[in-house]
Amino acid sequence: MAANGRTEMEVGADGVAVITICNPPVNSLSIDVLLSLKESYEEALQRKDIKAIVVTGKGGKFSGGFDISSFGNLHSGEIEQPKVGYISIDIITETLEGATKPSVAAIDGLALGGGLEVAMACHARISTPTAQLGLPELQLGIIPGFGGTQRLPRLVGLTKSLEMMLLSKPIKGEEAHQLGLVDSLVSPNDLVNAARRWALDICELKRPWIKSLYKTDKLEPLGEAREILNFARAQARKQAANLEHPLVCIDVIEEGIVSGPRAGLWKEANAFQSLLFSDTCKSLLHVFFSQRATSKVPGATDLGLMPRKITKVAILGGGLMGSGITTAMILSNYPVLLKEVNEKFLNAGIDRIKANLQSRVRKGKMTEERYEKALSLVTGTLGYEKFKEVDLVIEAVIENVKLKQQIFADLEKYCPSHCVLATNTSTIDLNLIGEKTKSQDRIVGAHFFSPAHVMPLLEIVRTQHTSAQVVVDLLDVGKRIKKTPIVVGNCTGFAVNRMFFPYTQSALLFVDYGMDVYKIDRACTKFGMPMGPFRLADLVGFGVAVATGMQYLENFPERVYKSVLIPLMMEDKRAGEATRKGFYKYEDKRKATPDPEIMTYIQKSRSMAGVTPDPELMKLTDKDIVEMVFFPVINEACRVLDEGIAVKASDLDIASIFGMGFPPYRGGVMLWGDSIGAKYIHDKLQEWAKRYGSSFEPCSFLAERAAKGILLSAPSNQVKARL
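Residues numbered from 1 in each chain as written. Predicted model: local features only at pLDDT ≥ 70, side-chain atom pairs only at ≥ 80, totals over all residues. Heavy atoms only, no water.

A. Highlighting the packing of aromatic side chains. Evaluation of the coordinates by the stated rule reveals 27 aromatic pairs. A ring pair is formed by Phe527 and Phe630, whose centres lie 5.2 Å apart and whose planes are at 35 degrees; its orientation type is tilted. Placement of Phe527 in helix α20 (residues 517–527) and of Phe630 in helix α26 (residues 622–642) is noted, with a sequence separation of 103 residues between them. We note that Phe527, like Phe630, is buried. Across from the ring centre of Tyr384, 4.8 Å away, lies the NZ or CZ of Lys339, which sits over that ring. (Phe/Tyr/Trp six-rings, centres within 6.5 Å; stacked < 30°, edge-to-face > 60°. Helix = DSSP H or I, 4+ residues; strand = E, 2+ residues; numbered from the N terminus. Buried < 20%, exposed > 50% of the residue type's maximum accessible area, 1.4 Å probe, protein only. Lys NZ or Arg CZ within 6 Å of the ring centre and 35° of its normal.)

And the structure:
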């Protein structure tokens, strides 16, 4: 029996061998499974009592694709790399597709990545209507490597196959049937029997025996195909300017169309091999595993605690955040009690929720019926009477300490004793919020990012009093509302905002010293950020920027640069996108246009700071600018780790990607830092500290790692986690 999954073969009286992929939970294709599949096929082809083959997966799932954990083992050299083309040509093409007995794939649940590639090598495919079929490999920095780039275009046409591969967009069985990717739809109960009958029909020449690799009826004529591929290339360059693998994928597809499918298979095999060892693939694999590791929290998830059932949620405040959190809850079928202070505010909150849902209906992500059902889960209230039946409360009112203290004292009075009391504050110390209560063990931060129903991150903030049970409960809710939760300690700005306060701060400092606002933003977006620090400040609004700036000034005065640029602009009623003027002007919808008027404020800010522009800064490349803006972020991330605010470096990588839009193909802020090296970062920061002030001073954690040549992400034994 193979060590890491296997296939099982059962032969029926009808002469059909059913080969079942067995590797729970999703029947992933480890090397062992693939070798076992080859052996089962070879046995079936030799046996005289077998006429045809059905391939299926155990437990209602065909296969979730190549075993991703094997990639890590291939990178580290723990498992031997199969020779180029062994899987895609020797196993999938020669053994499966080239078999002298017909085979039919019986697909239920999932047929993703390598799973779909195995199915496409069979001579027919039968599926359930709800099965998911797709080739999502590009999400991991690679391309389909088992023949998918050659067979999918031949089964569904070039345009649809490009969409499925480049956007990693799976389709349901029903659509797959319309496209011709599957030949018939049946119910799960009849799936294997229908596949057996289909396989025997091929044997008896009642149905066609089709090798997908050589199908040409769905392929466009060469000239038209080239136009489609060139359009796809232009889109890929525009939407993923720093990524090579989408273009490689297009080249590989083109090779098959121009030089024939065998040439395409070889090009695919070689490209897959080189991409597997690329930095992009390593970074995206790191993100994949780190995202799954955020829910492992020492001192909480390792105590054997089960999450308690949360059946009813209350949200306090129907503003932008409160309505967004409510939307996220009702989209996952949680009934919500929404409390506001008066009818006017309550109606405005419900209108915001309606607008959030209607936007989903417009985009085709939601039916009218689903819209009505979701909306029916919200009940508005002005008092606390109904709070006696809620299991979780999330407070999302304005950032005012006294108001929040009063609310939590009220909640303690009106909510049942098991109810989790959460706050969505982004800046205020949780101990201060719960100061006037006796319930500090059930007070926790649930910090959502705006817009809360869209942004994927949830920071769960645990104080020294918060019970492990409450953390486990909130992790479960986070997962159910499809968020990636990270558990962090209690401090100003928690993990994400604290890590990134130097992002805007450094940019403001360098503008005082002569750098161009728009050049900084351009360098950051070219690096892969969704927006640069100044466009971000416009989006968030200057009021919020100043308020959070004050928090950092109060808590970390020694490393805050006091720029007066934003307050000067606010005096003239320029407060960001909401006022249609900030660092950019906004005349048409949300389109940001550079505004020459800001030079007046910049000159005034420089003279008030007593700073002379540094001519050296005018000559900097984009790479230099990115380092000057991001190395202070890495420095602060090191402090967050050193103080035990975060459990592990990979949590900060996930926080930077899902909270701030740091490019995932760079692996997150800490992994990117490690790719550059602690010493280089440390020396640069030291140089800038001498020239521009103490806000760049490298922290002791960074200095120690730079001196010893240790990775920033390596676990620290000395750290006493603040969790």
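B. Examining the sheet that holds strand β8 (residues 171–172) more closely. With mixed pairing, three strands are arranged side by side in an open sheet as β5-β7-β8. Looking at which strands have only one partner, the edges of the open sheet turn out to be β5 (110–112) and β8. Note that β5 and strand β7 (residues 132–134) share three bridges and pair parallel. The partner of Leu110 across the bridge, within β7, is Gln132. Across the sheet, helix α4 (residues 114–121) touches β5 and β7, and the angle it forms with β5 is around 90 degrees. (Pairing = 2+ DSSP bridges. Contact = heavy atoms within 4.5 Å. Axes fitted to C-alpha atoms, helices over the stretch in contact; angles between N-to-C directions.)

C. A look at the pattern of salt bridges. Following the criterion strictly, the structure yields 40 salt bridges and no others. As a salt-bridge pair, Arg207 and Asp201 come within 3.4 Å of each other at their nearest N and O atoms. Lys708 is paired through a salt bridge with Glu704; the nearest N and O atoms lie 3.2 Å apart. Of this pair, Lys708 and Glu704 are both found in helix α30 (residues 700–708), four residues apart, which corresponds to roughly one turn of the helix. For Lys708, a relative accessible area of 56% corresponds to the exposed category. Several salt bridges share partner residues, and in doing so they unite Arg498, Glu558, Arg559, Glu636, Arg639 and Glu643 into one network. (Salt bridge = Lys/Arg side-chain N within 4 Å of Asp/Glu carboxyl O.)

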